[in-house]
Amino acid sequence: MENENQDRKTVEFTPEQMRLAEEYCKHDMAKLKATCYKIFVKKIGGIEKWEFDDLYSLGLNVLYNSIIKYSADKGCKFHTYLCGNLSRRCDSYKRDKNKDKRSNIQEDKEIKSS
């Protein structure tokens with residue numbers, strides 16, 4: 001049990017990073033959810049109720065990684081940077097979600113069992 005959390009890195013936020021995290025996470029993550037919802041609806045189309053938790057968890061993960069990697073020297077606002085990252089991650093989510101539908105493995109198993 002002692003070594004369970006040993007692999008995880010502890011990251012200390014700068015005051016600016018903390019301000020960004022608080023901005024998107026306050027009021028039950030209202031700003032993050034609004035940002036995610038717009039992108040997910042545009043990219044995925046309809047969102048089922050059971051997907052909301054998964055998608056907002058994905059959004060929170062993207063927010064964390066975006067805060068860590070963002071630099072004002074990149075020449076764009078943080079919100080723009082976050083939206084780009086969310087959009088790309090949404091594409092990955094959609095691809096992975098439909099992986100079984102694209103897979104030939106299932107068809108091969110059906111052929112072998114016949």
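Engineer: Account for the side chain of Ser66, with residues named and values stated.
Structural biologist: Tracing the backbone shows Ser66 in helix 2 (residues 51-69). Overall, the relative accessible area of 1% leaves Ser66 in the buried class. Aside from chain neighbours lying at most four places away, what touches Ser66 is Phe78, Tyr81, Leu82 and Asn85.

Engineer: Tell me about the packing of aromatic side chains, and name the residues and values.
Structural biologist: Enumeration according to the criterion identifies six aromatic pairs in this entry. When the centroid spacing of 5.5 Å and the interplanar angle of 50° are considered together, the rings of Tyr70 and Tyr81 count as tilted. Placement of the pair is Tyr70 in the loop between helix 2 and helix 3 (78-97) and Tyr81 in helix 3, with a sequence separation of eleven residues. In terms of burial, Tyr70 and Tyr81 fall into one category: buried. The structure contains a cluster of three or more aromatic residues connected by ring pairs, namely Tyr24, Tyr70, Phe78 and Tyr81.

Engineer: Run through unusual backbone geometry, naming residues and quoting values.
Structural biologist: In this structure, His27 is a non-glycine residue whose phi angle is positive, near 55°. Residue position: His27 is located in helix 1 (residues 15-44). Residue class for His27 comes out exposed when judged on its relative accessible area of 66%. Residues other than glycine seldom take positive phi values, yet Met29 does so here, at roughly 60°. Structurally, Met29 is set in helix 1. For Met29, a relative accessible area of 17% gives the class buried.

Conventions and cut-offs
Residues numbered from 1 in each chain as written. Predicted model: local features only at pLDDT ≥ 70, side-chain atom pairs only at ≥ 80, totals over all residues. Heavy atoms only, no water. Helix = DSSP H or I, 4+ residues; strand = E, 2+ residues; numbered from the N terminus. Buried < 20%, exposed > 50% of the residue type's maximum accessible area, 1.4 Å probe, protein only. Contact = heavy atoms within 4.5 Å. Phe/Tyr/Trp six-rings, centres within 6.5 Å; stacked < 30°, edge-to-face > 60°.

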